[in-house]
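# Structural overview for review
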Amino acid sequence: MIRTGKAAIYEAPNTPFIIKEYPVRPARAGEVLVRISMSTICRSDIHSYEGKRPNPCPGILGHEIIGTIAELGEDIEKDMRGDPLKVGDRITWSEYFYDGDCYYGEIHDMPQKCHGVRKYGHDLVADDPHFLGGFAEYCYILPGTWILKLPDELSDEEATPINCGVATMASVTEAAEIGMGDTVVVQGLGLLGLYGCAMAKARGARLVIGVDSVADRLEISKKFGADDVLDISRMDPAHVVSSVRELCKPDGADAVIEVCGVPEVIPQGLQMLRIGGRYVLGGLVSPNANVTIDANMLVKKWITMRGIHNYHPRHLIQAVDFVLTNRKRFPFKDIVDSKFALEDLDLAFKKASERSVLRAAIVP
Ligand SMILES: [Zn+2]
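What this report covers is the structure whose coordinates are included nearby. (Residues numbered from 1 in each chain as written. Predicted model: local features only at pLDDT ≥ 70, side-chain atom pairs only at ≥ 80, totals over all residues. Heavy atoms only, no water.)

### Remarks on the overall build of the protein chain
Threshold: Where helices and strands are cited, they refer to DSSP runs of H or I of at least four residues and of E of at least two residues respectively, numbered from the N terminus. Each radius of gyration reported is based on C-alpha atoms, and the globular scaling rule is 2.2 Å times the count of residues to the power 0.38. Each residue gets one of three labels from its accessible area relative to the maximum for its type: buried under 20%, exposed over 50%, partly exposed in between, using a 1.4 Å probe on protein chains only. By the convention used here, residues are in contact when the closest approach between their heavy atoms is within 4.5 Å. Areas reported as accessible are Shrake-Rupley estimates using a 1.4 Å probe. Residue values count occlusion only from the protein chains shown.
Looking only at helices and strands, the protein chain features 11 helices and 17 strands. Taking 364 residues into account, the globule formula puts the C-alpha radius of gyration at 21 Å, and the protein chain, at 21 Å, falls close to it. Across its three principal directions, the C-alpha atoms of the protein chain cover 70 × 40 × 40 Å. When burial is assessed residue by residue, the protein chain has 54% of its 364 residues classed as buried. In the protein chain, the proportion of contacts linking residues at least 24 apart, taken out of those at least 6 apart, comes to 70%. Accessible area of the protein chain: about 15600 Å², with a carbon and sulfur share of 53%.

### A few points about the sheet that holds strand β15 (residues 304–307)
Strand pairing in a sheet relies on backbone hydrogen bonds, with the paired strands running either antiparallel or parallel. Operational definition: One requirement defines pairing of two strands: DSSP has to find at least two bridges between them. Here an angle of 0 to 180 degrees is reported between the N-to-C directions of two axes, which are lines fitted to C-alpha atoms, with helices fitted over the stretch in contact.
As summarised here, the arrangement of the 6 strands in space is β12-β11-β10-β13-β14-β15, forming an open sheet in which the pairing is parallel. At either margin of the open sheet sits one strand with a lone partner, and together these are β12 (228–231) and β15. For this sheet, the mean inter-axis angle between neighbouring strands, taken without regard to orientation, is 15°. Both strand β14 (residues 273–281) and β15 contribute to a ladder of 4 bridges, which runs parallel.

### A few points about the environment of Gly181
Residue placement: Gly181 occurs in the loop between α4 (165–175) and β10 (183–187). Along the chain, Gly181 and Arg206 lie 25 residues apart, while their C-alpha atoms are 4.6 Å from each other. Ignoring sequence-local partners within four residues, the contact set of Gly181 consists of Gly204, Ala205, Arg206 and Asp254.

### A short note on the side chain of Ser39
Worth spelling out the cut-off: Polar contact is the term for a pair of N or O atoms within 3.5 Å; when the atoms are in protein, one must be able to donate a hydrogen and the other to accept it, and sequence-neighboring residues count only if both atoms are side-chain atoms.
With respect to the secondary-structure elements, Ser39 resides in strand β3 (residues 32–40). A distance of 2.6 Å separates a polar side-chain atom of Ser39 from the backbone oxygen of Gly134. Ignoring any residue separated from it by four or fewer positions in sequence, one finds Ser39 in contact with Glu64, Ile65, Gly134, Phe135, Thr160, Ala360, Ala361 and Ile362.

### Notes on the coordination of the zinc ion
Operational definition: Ligating atoms shown are N, O and S within 2.8 Å of the metal, or 3.2 Å for Na, K and Ca, and water is not included, meaning a site may look less than complete.
Taken together, the protein donors to the zinc ion comprise Cys42 (SG), His63 (NE2) and Cys164 (SG), at separations of 2.0 to 2.2 Å. Each donor residue of the zinc ion belongs to the same chain, with the gaps between them written as C-x20-H-x100-C. On the criterion of sequence distance, the pair formed by His63 in the loop between α1 (43–49) and β4 (64–72) and Cys164 in the loop between α3 (156–159) and α4 is long-range, its members being 101 residues apart. For the pair His63 and Cys164, one class covers both residues: buried.

### What to know about helix α8 (residues 265–272)
Summarising burial for α8: 6 of the 8 residues are buried, a large majority. Looking only at α8, the buried set comprises Val265, Ile266, Gln268, Gly269, Leu270 and Met272. The elements touched by buried residues of α8 are β10, α7 (237–247), β13 (253–258), β14, α9 (295–300) and β15.

### Topic: the pattern of salt bridges
The line we're drawing: Criterion for a salt bridge: a side-chain nitrogen of Lys or Arg within 4 Å of a carboxyl oxygen of Asp or Glu.
If you walk through the whole model with that rule in mind, you get 27 salt bridges. Ionic pairing is found between Glu11 and Lys20, a salt bridge with its closest N-O pair at 3.2 Å. A relative accessible area of 25% means that Glu11 is categorised as partly exposed. A residue is classified by how much of its surface remains accessible, and Lys20, at 32% relative accessible area, is partly exposed.

### With respect to the state of the cysteines
Let me state the cut-off plainly: When two cysteine sulfur atoms are found within 2.5 Å, that pair is recorded as a disulfide.
Tallying each qualifying case throughout the model produces 1 disulfide. The disulfide partner of Cys102 is Cys114, and the S-S distance across this bridge is 2.3 Å. Every disulfide takes its handedness from the sign of the S-S torsion; for Cys102 and Cys114 that torsion is -105°, giving left-handed. With Cys102 in the loop between β6 (96–97) and α2 (103–108) and Cys114 in the loop between α2 and β7 (118–119), this pair connects stretches of sequence that are 12 residues apart. Here Cys197 stays unpaired: no disulfide links it, and the sulfur of Cys260, its closest cysteine neighbor, is 13 Å away. Since its relative accessible area comes to 0%, Cys197 is described here as buried.

### Observations concerning helix α5 (residues 191–202)
Rule in force here: The span one expects for a helix is its residue count, reduced by one, times 1.5 Å.
With 12 residues, α5 ought to run about 16 Å at 1.5 Å a step, and its terminal C-alpha atoms sit 17 Å apart, in line with that. Of all 12 residues in α5, 10 are buried, a share of seventy percent or more. For α5, the complete set of buried residues consists of Leu191, Gly193, Leu194, Tyr195, Gly196, Cys197, Ala198, Met199, Ala200 and Lys201. Packing partners of the buried residues in α5 comprise α4, β10, β11 (207–212), α6 (215–221), α10 (313–326) and β17 (359–362). One or two steps after α5, the chain reaches Gly204, where phi turns positive at roughly 105°.

Rendered as structure tokens:
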């Protein structure tokens, strides 16, 4: 009997998803076949869907995915921590994979930036093995992916955003070198910003300031560790900067994190910093994010500025452990606030796109 599975196909930008069935073949050596339990709609899925960034179509979108092992290929016995894997285990895995020799991985310890690195949710569905995205019943995990078993304590809602949003923020907050007693500003309180506030607190920050223009987000960020919030919809840029500097005694913030994707906030972020402060950009993932800054400020103030894209495999482990150990302190379970069937993916994308939900989940 030929096994098949359903998938919601992204035929072209801004057109309805179409449910189709594709054959499910046995897992080959080095592969894992997963029965998807949940996938969530990331902002980058919406950018693809709206045609703002190129993505092969027809394809299956979605890269924030968890599921249970349906079949283990030969040569796969353990996860990245060394825990044995078996059929039925619930797992998460890196949103990217790369199989082979790589200059960046081997020489610079940046496997996430290998030339030719592939990401889930970015392939043509016509090609074998068809299932390489989140909005489907199955997903194949291909060689070169980092796999991690999920602790039973975590709900699907807590676990699904781990392999994109949470792991990315583990990378960002590490790059910002947030430590004990720091004052930290988070520009943008979407999903990344909320995890960013919580991680800054968990890393020992004494003061976390959340900056956004959406009232609901400012409010919810207080539950995720923001001590103070600034509603920039009612403030001019100079006032935003002076308010932060007033709060961060004696001379400005130790670290500022950009996760809003708006280049215009960069000059403000730099002006918020103390001498020797760190500025880390994580949200500007689209090209042409042009902005004018006074580079003399970088020199005189000894400012470190860094961009972060994707995450190292260690951040996936840190992300799971962070959510597990802080789930009573911060309400991570509330981030995934709506669930949809695969057939209702259009509605889910609409709600996610208009931001009337925080994180929309698909339960296929
Ligand atoms: Zn994502």
